[in-house]
Every structure is written in C-alpha cells, then in structure tokens.
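Reading the structure
The chain contents come next:
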Amino acid sequence: MQVMKFGGTSVNDAKAISQVAAIVVDQLKTDPNVVVVTSAMRGVTDLLIDSAKAAARGDRQKYRDARQTLIARHRDAAEALVLDLDDLGRIQALTDERVREFERLCMAVAILGELTDRGLAVISGLGERLLAPILAAAIRARGVGAEFVDASELIVTDDNHASAAPDMAATRTATRGRLLPLLAARAVPVVTGFVAATADGVPTVLGRGGSDYSAAILGAALDADEIQIWTDVDGVLTADPRIVKSARPVPELTYSEAAELAYFGAKVLHPKTMLPAIDLGIPISVRNTFNPAFPGTRVVPKTSNGGTVKAITVIRGLALVTLAGRGMMGVPGIAARTFATVAKQDANVLMISQASSEQSICFVVPEPDAARVAAGLEGAFAGEIHRRLIDRVAVEPQVVILAIVGEGMRGTPGIAARLFGALGEHSLNVIAVAQGSSEANISLVLAAADADAAMQHIHAAFRLAG
Ligand code: ASP
Ligand code: MG
C-alpha cells in the first residue's frame, strides 16, 4: 500500500492536478492499493486565514473578495478536468456550498468580532475540503475509481484546534474502518490533508504545512509500504539552491537527519512527518510532481550510502541573547531560572550554548521576541544584577543559525576542523556553537550578513555538490 501526498503547487491548477491524476494512475499499475492525500491549492490556506483575521477586525471586504477567488480557481479547475457532466455538476455544487460556508463563517466572525482557534481551524481547513473532491473527480476522469474522503472521519485528535495531536489508536480504527472497504472496492480514497477532528467530531487542523503529517499518520494507521510526499522540487537538497548554485538532491536520509533538516527550515517536509513513520519503519520518499521520473529523496531507518555531512540549512530572523557575569559560576539554578523566564515570555528557544567556565549562557530566539525576553531576564535577575553577580543581558540582533546535518558525523573526527577551517579561511566569524550529543547536527550562530557566504564555503568544503 502507498500513501501519496500532493502539496499545494502540485494541485495549483487544472494542469498540475491532471499531472497528479496521471501519477496516481501510473502508481496503480504497480500497487493497486493507493491512498491519496492532498493539500489545498497554493495560497488558498493563507487566503482563508487572512480573510478570517480581517473579518475579526471588522473588515468584511477581504472575505467577499476571497469568495470570488475561491469560486473562480476551483470552478475553473473542475471545468477543465471533469468530463462527465453529472460529475461536474455535483462538484461545482459542492464548491459553491463550501464557499457559502466560508462566507457564513467569516460573517459570524465579523459579527462576534473575535476569531477563536476553533473557528480558525474550521475556516483554514476549507481549502483541502474544496480541492479533494476535484482531485477525486480528475482521477475518475481517467477511468479509475476514486472517492473523496474528509479526514475528519479518519484522524482523531486532541482539542488543540490549531495544531492538534493525533490519537493513533483511535485514528487507526477509524481509518481502517473507512478506507479498507474503499480499497477493496477498487476506489482510490482521496483524503483531505491538514484537517482532522476531535473524538466528538469538532474540526481541528494539524498545524501549518500539516498535510505531510496527515499522510504519515494515515500511512502508519494503514501499515503502508511507503509514504510518498510529492512536491515541486527534486527532493531534500544539500542546501538552498537560491544561495548555493551547486546544491543537489540528497538520495537518502535517515529519519533523524530528515527531522533535523525539517526542523532547521529546509521546508520540504513538515518536522512531524517522521514521527508516525519511525515506529513502523515506513520509508518516506520525497518526489517531484513535475519531474516524476526522478527518484527524489528516500527517508529510511538507516542509510547505506554513508557520507558524513548530508546537508546544510539556515534559519534566519533570529537574535542571540546572552546572560553573562562572573557571579554565575557554580551557582545552581541559573539556567533553570533563565529558561523558565524565557518560557514565561512565550518565546521559542532554538539553540543554547554555555561554556564550561559558566560565565555566560547564550541562547537564540526569534528576533521579534528578543527585547521582551531580555526585559524579562533583567526583571528575574534584578537582584543578581544589583549585586553585580550578573553583568548584563545582551541582545545581538540579526543573526542566523547555520546547521550542518548528518548522522555520519557521529564518531568521525575532523568534521569540526573542516567546518571552522572553511569559515576561518574566508574570515567568517562564528559567534556561538552548539553540538548535540547525537552528533548528527552542528549548529553555528553567525551574523546574518555572513550567512550566504558561509553556506557556499561549507558546501564546497564538504564536497556536497558531489
Ligand atoms: N494547506 C495547509 C497549509 O498551507 C497544509 C499544507 O499545505 O500542508 O498550511
Ligand atoms: Mg508542505
């Protein structure tokens, strides 16, 4: 069994959707059990969310305009793809009904003047609900059975509406109960990504970009042989190709490498995608809808092709916060108080580094949160600052984290030397360093202005271009 997930660019218009249908039909030649998961058309989720937020501020024009766009994009696609007139009529009626629902929801938000996470989950999931029936019809138009399925019937989650977590046992029962009979009847289920529901049937979503996660959850529930993530690039790349011209797709990654890269902003896979697959050892492949002959990247439990560093990634828009002072040495609880304070400011910490001299702790947060975090720390450590045990809370804005990722680095000497050599040779300054004991990731803090050059030189130093 194959679970095939298609992203927003892959279903952006009639031409792309037709290509997707062709890929699905082709897959059926080698495996008759195929489950399709789809995102919304590119830009649609953003449009839905922006409209809902505008409505909450009393702006009703935004959703009225969005309504026209939604109708036009989906109706046009259906008209080009669905040949059977009865089928087309049903699909267009469904599109109109969904868009009316969108309008009614936004109207309610405008009247209430408030947008709850629960309301946003319903509105933001409409893009997948609009698209999946059209994709199912496009597959049927190629003479293959296919049926639209709303994932709120399959994926059971907690009530964290905007970024819900699945209950795998309940999901497994629901998914198998609904999809296995369809597969037995030779119909390809075409399932909405991103959306789910609580056990009581209240709609939830799995977080932005969550359709990949939907596919992995369904793959695990169905004991699939493979989870295929179809996107618009040739796989996970060694670096951002806009910055490193010689970047190329990585043929194979382990789950942990893929998770590190996803977390560090490579954006090809949602970071949670690996979770359901790991337990069952289900391979994930990243494929290009617009270059289907290319094998892409395979994510597997263990890689055979060796290699030390597999890829480089950069997270931008960060600031480095440093708490420093001679009085911190040997005092227990400073780190605990520091991070408790950061947590109270609701800021996400992306990296931590403390030298063994214990005279400073530094950590990286998103730049917009830095001033708030620093003020919080100054408050929390006011006593120590007054007694001169802590000298300062400093914020260095405009930094990036550059991470090199590869499980083969574990136990391989000389990686750090090569990394720092490449930077030193080109006079690129390293502000802070962290390496987890997994040794699968070395992270550096650099000035934002140095990020691109650092990426290029490190890519060359590790010969990632092949
Ligand atoms: N449509 C959703 C989003 O844009 C989910 C996805 O595309 O993966 O976040
Ligand atoms: Mg995505």
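The structure reproduced in this document is the subject of the present report. Just so you know, these numbers come straight off a predicted model, no measurement behind them.

1. Some thoughts on the overall build of the protein
Regarding its fold elements, the protein presents 15 helices and 17 strands. In terms of overall dimensions, the protein is globule-like: its C-alpha atoms have a radius of gyration of 24 Å, near the 23 Å expected for 466 residues. Across its three principal directions, the C-alpha atoms of the protein cover 80 × 55 × 40 Å. Classification of the 466 residues of the protein by burial places 51% in the buried group. Contacts spanning at least 24 positions in sequence make up 76% of the contacts within the protein whose residues lie at least 6 apart. Surface summary for the protein: the accessible area is close to 19,600 Å², and the carbon and sulfur share equals 52%. Positive and negative charge centroids in the protein, built from 45 and 50 side chains respectively, lie 2 Å apart.

2. Concerning helix α15 (residues 451–461)
All of the buried residues along α15 are Ala451, Ala454, Met455, Ile458 and His459. Down the axis of α15, the buried side of the element spans an arc of 130 degrees, and every buried residue falls inside it.

3. Some thoughts on the sheet that holds strand β12 (residues 311–324)
With antiparallel pairing, the 6 strands of this open sheet are ordered in space as β13-β14-β12-β15-β17-β16. Two strands close off the open sheet at either side, each with one partner strand: β13 (351–354) and β16 (432–435). Across this sheet, the average inter-strand angle for adjacent strands is 30 degrees, counted without regard to direction. In this structure, β12 lies alongside strand β14 (residues 360–366), joined through 7 bridges in antiparallel fashion. From the neighbouring strand, Leu320 faces β14, where its bridge partner is Val364. Helix α14 (residues 415–425) rests against β15 (392–405), β16 and β17 (441–447) of the sheet, and its axis sits at about 20 degrees to β17. Those strands touched by α15 are β12, β15 and β17, and its axis lies near 125 degrees from that of β12.

4. Observations concerning the packing of aromatic side chains
What the rule picks out here adds up to 2 aromatic pairs. A ring pair is formed by Phe6 and Trp230, whose centres lie 5.9 Å apart and whose planes are at 20 degrees; its orientation type is stacked. Of this pair, Phe6 sits in strand β1 (residues 2–6) while Trp230 sits in strand β8 (residues 226–231), placing them 224 residues apart in sequence. No difference in accessibility class separates Phe6 from Trp230, as the two residues are buried.

Analysis parameters
Chains are numbered independently. Their residues run from 1 in the order of the written sequence. The order in which chains are written sets their letters, starting at A; the order in which ligands are written sets their numbers, starting at 1. Under the rules for a predicted model, residues below a pLDDT of 70 receive no local features and side-chain atom pairs below 80 are neither given nor counted, while totals for whole chains, interfaces and linings still include all residues. The side-chain numbers reported here are obtained from all heavy atoms of the structure, hydrogens and water having been left aside. The helix count covers DSSP runs of H or I at least four residues long, the strand count covers runs of E at least two residues long, and both are numbered beginning at the N terminus. Each radius of gyration reported is based on C-alpha atoms, and the globular scaling rule is 2.2 Å times the count of residues to the power 0.38. The buried label applies to any residue whose accessible area, calculated with a 1.4 Å probe on protein chains only, is under 20% of its type's maximum; exposed applies above 50%, and partly exposed to all values in between. In what follows, residue pairs with any heavy atoms lying within 4.5 Å of each other are defined as contacts. Accessible surface area values rest on a Shrake-Rupley calculation with a 1.4 Å probe, where residue burial reflects the displayed protein chains alone. Only four residue types enter the charge count, namely Lys and Arg as positive and Asp and Glu as negative; His and the chain termini do not. By convention, the charge on Lys lies at NZ, on Arg at CZ, on Asp at CG and on Glu at CD. Throughout, the arc means that of the directions going from the helix axis to the C-beta atoms. Two strands form a pair only when DSSP identifies at least two bridges running between them. Inter-axis angles, ranging from 0 to 180 degrees, are taken between N-to-C directions of lines fitted to C-alpha atoms, where helices are fitted over the stretch in contact. Between the rings of Phe, Tyr and Trp (Trp by its six-membered ring), a pair exists once the centres lie within 6.5 Å; its type follows the angle of the planes, with under 30 degrees stacked, over 60 edge-to-face, and the other angles tilted.

So yeah, pure geometry; function would need other evidence.
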